[in-house]
Amino acid sequence: MMKARIFGIDRHRLTTDGDGVTTLVTFNGCPLRCKYCLNKTSWDMTKGREYTPEMLYEEVKIDQLYFLATHGGVTFGGGEPLLQKEFIKAFRALCGPQWQIVMETSLNVPFEVVQEMDAVVNGYIVDIKDVNPDIYFAYTGKENALVLSNLEWILRHGDANRVRVRVPHIPEFNTDDDVAKSVEILKRMGGVDIEEFTYVIR
Amino acid sequence: MAKGKQTCKILKEIRKQIAAENDIKLVVEECTYQGDCKGTCPKCEAEVRYLERELEKRQRMGKAAVFAGMSLGTLFAATSCDRIIPQPLEGDMPYIPDSTEMTNDSIPSDTVPDEPFLLEGDVMAPVPDTMNIEPEE
């Protein structure tokens, strides 16, 4: 039986994850080790609770009326939701085409995964960290070549408005100039919904 | 206005509009609870279940449910709520403990909802006697 470990389900999110009422579902498991990660629980594969797609669907459909009325649905985050492609595909088969499914993702996954999931999801929220590979590596411990090529593909392949790219000011890792450079490059790549924000360190 | 109250107000407005679009009689009593809430409560959830039952009834009679596609921006304006409710995109998630970890003491009261249905799935709280939902005549 297909299962995934989920450490959080947050209902009734308004304006944060898309246009309508959304439920955020966060998976354990992430390829990155970001210095200021707010969800370090996601690194521990023993935390949270195991769900089948059916269990998750039964739990979140409590808000189906709100989803249908406002063009909302489920945002999958984590952790890295694109590591759970089979689970999300099964979930889509259960919820049908009307719910909006959004990935809150780093895009640091193989291209084949992005290509396969693009037909399943409605939108993306991508925290790009920093376009500069050195800054990205220092902050996450990983390279960002896949991130940039995956992002460029989803921006060019379909409506770029379905992709919100978030560009953080990361204290002690990038400067305002670095962020400006990232934004400029992202615009050249075809990004239209680009949002700057500042990480809050706790 | 506190975040939970704002969420409650918006969700209530959505319920009212669903009812209006589908000719369902729904009388929503003004909430008198003074403190902040989680944005929903057993009474609000009961209204949602009532709407679902009424829509199913209509569907059995061959009437399709109508969802005109409400804009949250319009709803924020209609309810005089601030446009942006700060919610973390990640972090601060209501943590779901593994069943082996699940004791009342291990769940921080400020990170999980008071009502059991959030953790347990579709478990309906009993409808209070004072529920002010008038069934259709």
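Scroll up a little and you will see the structure.
In this text the structure is predicted, and so the values were computed from the model without any measurement.

S.K.: Which parts of the structure should I look at to understand the pattern of salt bridges?
M.R.: Working definition: two side chains of opposite charge can pair if their charged atoms are close together. Residues and elements named next belong to chain A. Tallied over the full model, the rule gives 21 salt bridges over all chains. Among the ionic pairs, Asp 10 bridges to Arg 13, the shortest N-O distance being 2.8 Å. We classify Asp 10 as buried; its relative accessible area is 18%. Classification of Arg 13 by relative accessible area gives buried; the value is 0%.

S.K.: I keep staring at helix H5 (residues 133-140) of chain A and nothing clicks. Help me out?
M.R.: Note: α-helices contain 3.6 residues per turn, so residues at a spacing of three or four share the same orientation. Residue and element names in this part refer to chain A. For H5, the full list of buried residues reads Ile 135, Tyr 136, Tyr 139 and Thr 140. Along the axis of H5, the buried residues cluster in a sector spanning 105°; they form a single face. Residues of H5 that are buried make contact with helix H6 (145-156) and helix H7 (176-188). For H5, the N-terminal cap is Asn 132; the gap from its side-chain oxygen to the backbone nitrogen of Asp 134 is 2.8 Å.

S.K.: Got a minute to help me understand helix H1 (residues 3-21) of chain B in this structure?
M.R.: With 19 residues, H1(B) should cover 27 Å at 1.5 Å per step; its first-to-last C-alpha distance of 27 Å lies within 8% of that length. Phi for B:Asp23, located one or two positions after H1(B), is positive at around 55°.

S.K.: Is there a simple way to explain the packing of helix H1 (residues 53-60) of chain A against helix H3 (residues 85-95) of chain A in this structure?
M.R.: Describing two packed helices takes the angle between their axes plus the distance from one axis to the other. Residues and elements named next belong to chain A. Two elements in contact, H1 and H3, have axes whose closest approach is 9 Å; the angle formed by their N-to-C orientations is 50°. By the criterion of interaxial angle, the relationship of H1 to H3 is oblique. Seen from above, H1 lies across H3 with right-handed handedness. Where H1 approaches H3, its residues Pro 53, Glu 54, Leu 56, Tyr 57 and Val 60 are matched on the opposing element by Phe 87, Ala 90, Phe 91, Leu 94 and Cys 95. Counted by class, the contact of H1 with H3 contains nine nonpolar, no polar and one charged residues.

Thresholds, definitions, all that
- Residues numbered from 1 in each chain as written.
- Chains lettered and ligands numbered in written order.
- Predicted model: local features only at pLDDT ≥ 70, side-chain atom pairs only at ≥ 80, totals over all residues.
- Heavy atoms only, no water.
- Salt bridge = Lys/Arg side-chain N within 4 Å of Asp/Glu carboxyl O.
- Buried < 20%, exposed > 50% of the residue type's maximum accessible area, 1.4 Å probe, protein only.
- Helix = DSSP H or I, 4+ residues; strand = E, 2+ residues; numbered from the N terminus.
- Arc of directions from axis to C-beta.
- Contact = heavy atoms within 4.5 Å.
- Polar contact = N/O pair within 3.5 Å; in protein donor to acceptor, adjacent residues only side chain to side chain.
- Expected span 1.5 Å × (residues − 1).
- Axes fitted to C-alpha atoms, helices over the stretch in contact; angles between N-to-C directions.
- Parallel < 35°, antiparallel > 145°, perpendicular 65-115°, else oblique.
- Left-handed = near helix turned anticlockwise from the far one by under 90°.
- Nonpolar A, V, L, I, M, F, W, Y, C, P; charged D, E, K, R; others polar.

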